[in-house]
Amino acid sequence: MELERDRELLDAFRAGKRDALERVYRAYVKDVVAIVRFGFTVDGKRIPGESNPETQLDVAQDVFVKAFSESGRKGYDGVRPYGPFIRRIARNVLIDRARKSGREVPLDPDDGQDVEDAFLRPAEPDDTEAALDFKRLAEAARAFVAAQDPELAEFVRLRFEEELSQADIAARMNVTRRRVRTLEGRALSGLAKWLEERQLSW
Amino acid sequence: MTREDSARLARLLSGRDEPSVLETEALFDRIASDVAPRPWWRRPVAWGALSGIATAAAAAFLFVALPDSGEFGSRGGEEAVLRPHCVTGAETGPCTTGAKLLFDARPPEGAPHFAALAKRPDGTFIWYLPAPDARSAALGAETAVVATAIRLGDEHPAGAYTVFGVFTKDAMTRDEIEAAVGDDLAGGPGVTVVRRELEVR
């Protein structure tokens, strides 16, 4: 999705059309959440991310509300790539939060300074108890999916791994939206039952 | 299953301990509701009286359902039925503060999911169904009382109301229903809007 190269999408985005906002959101939500989660460095000075999952989403919401507000939409020139534009907003939101917490931070992270988003660096192994617990449960989830019929397994791949919308999955699998919702319910409730039967606390 | 349960399970199914597609989609709904241009009929919004808590208002407004006028018939689905009425205790009667507002409804063919909202005399809209984080529920094919009752409170002052029943093919959230009915509340393909007038004396 290249907003700057799609004039129709750009016009709809600038008009605040929901479909256009959602397309742009889906294209950049991962980057924004990653910046919010892991932080970044500017001229070697680290601006930390947010560790609390709920706070991460709240901050990501702030970023997109700024970017998608009328002033935010009009502030994008439509010529340069949108990714750097929204990533800069994300960094500025983190900087505002850092300043409010009393941390000394640079005035502007993108004015000729050396900026590096932490999530772009190779991830360090996470051997915390929570990470190991998640890994163990995720392996059980994979076993659950492997035991399902091909339709449900394909749905899980499209919905939770590729993160397609229900509408896109309905089109891809040539089924109704109602069928997609049924599959989603089966996947979630089935996994819960699978874990509970194996006495795995999730 | 709670929303938090679903989010946790979705993360496990993705194999990544980061916000899942369910969480990011819910987040977009929040963002869109903050920034998307509002249709005129949605400004401002008063929450529906879904708390189930009777309001101890001193004044008891009379809330009377008028017969179908014909002026506000259904559009796109002549078979849709919507009859708002009130009960106090187990008795049908005038709608007063503390009474329950009920809907007799029958969906048109092909649009079984039901939503309801009302326009107050001051122009403010009140959402009744679905609940803020829910999707509209499907009704049976025959005319029946919708399971959810609305306890009338202070958010229902005296005056003339218009109640809107929205019947859709798919289960929808409030945001999706707003988009589907359009700024003129006229509905569209697969969306039938039925209007009924009510008067609070």
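Report follows, based on the coordinates. (Residues numbered from 1 in each chain as written. Chains lettered and ligands numbered in written order. Predicted model: local features only at pLDDT ≥ 70, side-chain atom pairs only at ≥ 80, totals over all residues.)

**Quick word on the overall build of chain A**
At step 1: A count of helices and strands for chain A gives nine helices and three strands.
At step 2: Going from N to C terminus, chain A has its helices and strands arranged as α-α-β-β-α-α-α-β-α-α-α-α.
At step 3: Counting all 202 residues of chain A, 27% fall into the buried class.
At step 4: Here the analysis covers contacts within chain A between residues at least 6 apart in sequence; of these, 58% occur between residues at least 24 apart. (Helix = DSSP H or I, 4+ residues; strand = E, 2+ residues; numbered from the N terminus. Buried ≥ 20, exposed ≤ 12 C-beta atoms within 10 Å, placed from the backbone. Contact = placed C-beta atoms within 7 Å.)

**Some details on the overall build of chain B**
At step 1: Along chain B, the regular secondary structure elements total three helices and twelve strands.
At step 2: The buried share among the 201 residues of chain B stands at 36%.
At step 3: For chain B, restricting intrachain contacts to residue pairs at least 6 apart in sequence, the fraction spanning at least 24 positions comes to 71%.

**A short note on the sheet that holds strand E2 (residues 45-47) of chain A**
Residue and element names in this part refer to chain A.
At step 1: Here we have three strands laid out as an open sheet, ordered E2-E1-E3, and antiparallel in their pairing. Each having just a single partner strand, E2 and strand E3 (115-117) make up the two edges of the open sheet. Strand-to-strand, the axes of this sheet are offset by a mean angle of 20°, without reference to chain direction.
At step 2: One ladder, built from three bridges, connects strand E1 (residues 40-42) with E3; its direction is antiparallel. Within the sheet, the bridge partner assigned to Val42 lies in E3 and is Val115. (Pairing = 2+ DSSP bridges. Axes fitted to C-alpha atoms, helices over the stretch in contact; angles between N-to-C directions.)

**Points about helix H3 (residues 174-181) of chain B**
Residue and element names in this part refer to chain B.
At step 1: Here H3 has its buried residues at Arg174, Ile177, Glu178 and Val181. Projected down its long axis, H3 carries its buried residues within an arc of 100°, all on one side.
At step 2: Where H3 terminates, the next one or two residues include Gly182, which has phi positive at roughly 80°. (Arc of directions from axis to C-beta.)

**Overview of the environment of Asp170(B)**
At step 1: Looking at the element boundaries, Asp170(B) is found in the loop between strand E11 (159-168) and H3.
At step 2: For the pair Asp170(B) and Phe114(B), spaced 56 residues apart in the sequence, the C-alpha separation amounts to 9.5 Å.
At step 3: Those residues within four positions of Asp170(B) in sequence are excluded, and the remaining contacts are Arg177(A) and His113(B).

**Some words on the interface of chain B and chain A**
At step 1: Facing the 28 residues of chain B at the interface are 31 residues of chain A.
At step 2: Every element with two or more residues in the side of chain B that touches chain A is listed here: helix H1 (3-14) and helix H2 (21-35) of chain B.
At step 3: In terms of residue count, the dominant contributor to the side of chain B that touches chain A is H2(B) (ten residues).
At step 4: Among the residues making up the side of chain B that touches chain A, the classes are represented as 15 nonpolar, five polar and eight charged. (Nonpolar A, V, L, I, M, F, W, Y, C, P; charged D, E, K, R; others polar.)

**Considerations on the packing of helix H9 (residues 177-197) of chain A against H1(B)**
At step 1: In the contact formed by H9(A) and H1(B), the axes pass within 10 Å of each other and the chain directions differ by 85°. The angle between H9(A) and H1(B) falls in the class roughly perpendicular. For the pair H9(A) and H1(B), the contacting residues are Ala187(A), Leu188(A), Leu191(A) and Ala192(A) in the first and Asp5(B), Ser6(B), Leu9(B), Leu12(B) and Leu13(B) in the second.
At step 2: Counted by class, the contact of H9(A) with H1(B) contains seven nonpolar, one polar and one charged residues. (Parallel < 35°, antiparallel > 145°, perpendicular 65-115°, else oblique.)

**Considering the environment of Tyr76(A)**
Residues and elements named next belong to chain A.
At step 1: One can find Tyr76 in the loop between helix H4 (70-75) and helix H5 (82-100).
At step 2: Separated by 62 residues in sequence, Tyr76 and Arg14 place their C-alpha atoms 8.9 Å apart.
At step 3: With residues up to four places along the chain from it excluded, the contact list for Tyr76 reads Tyr82 and Phe85.

**Focus: the nonpolar core**
At step 1: Counting 36 residues, the largest nonpolar core has Ala116(B), Leu117(B), Tyr128(B), Phe164(B) and Val166(B) as the members making the most contacts within it.
At step 2: Elements that contribute at least two residues to this core include exactly strand E3 (81-88), strand E5 (100-106), strand E6 (113-119), strand E7 (125-129), E11, H3 and strand E12 (191-200) of chain B.
At step 3: Of all hydrophobic cores here, the second largest spans 33 residues; its members include Leu3(A), Leu21(A), Val32(A) and Ala60(A). (Core = buried A, V, L, I, M, F, W, Y, C linked by C-beta atoms within 7 Å.)

**Regarding the packing of helix H7 (residues 150-161) of chain A against H9(A)**
Residue and element names in this part refer to chain A.
At step 1: At a minimum axis distance of 10 Å, the contact between H7 and H9 shows a crossing angle of 90°. Here H7 is positioned roughly perpendicular relative to H9, judged by the angle of their axes. Of H9, the residues touching H7 (which contributes Leu152, Phe155, Val156 and Arg159) are Leu183, Glu184, Arg186 and Ala187.
At step 2: Of the residues assigned to the contact of H7 with H9, the class counts are five nonpolar, no polar and three charged.

**Observations regarding the environment of Ala116(B)**
Residue and element names in this part refer to chain B.
At step 1: Summarising the element assignment, Ala116 is placed in strand E6.
At step 2: Residue Ala116 is classed as buried on the basis of its C-beta count, with 24 C-beta atoms lying within 10 Å.
At step 3: Sequence spacing of Ala116 and Arg195 is 79 residues, and the spatial spacing of their C-alpha atoms is 9.9 Å.

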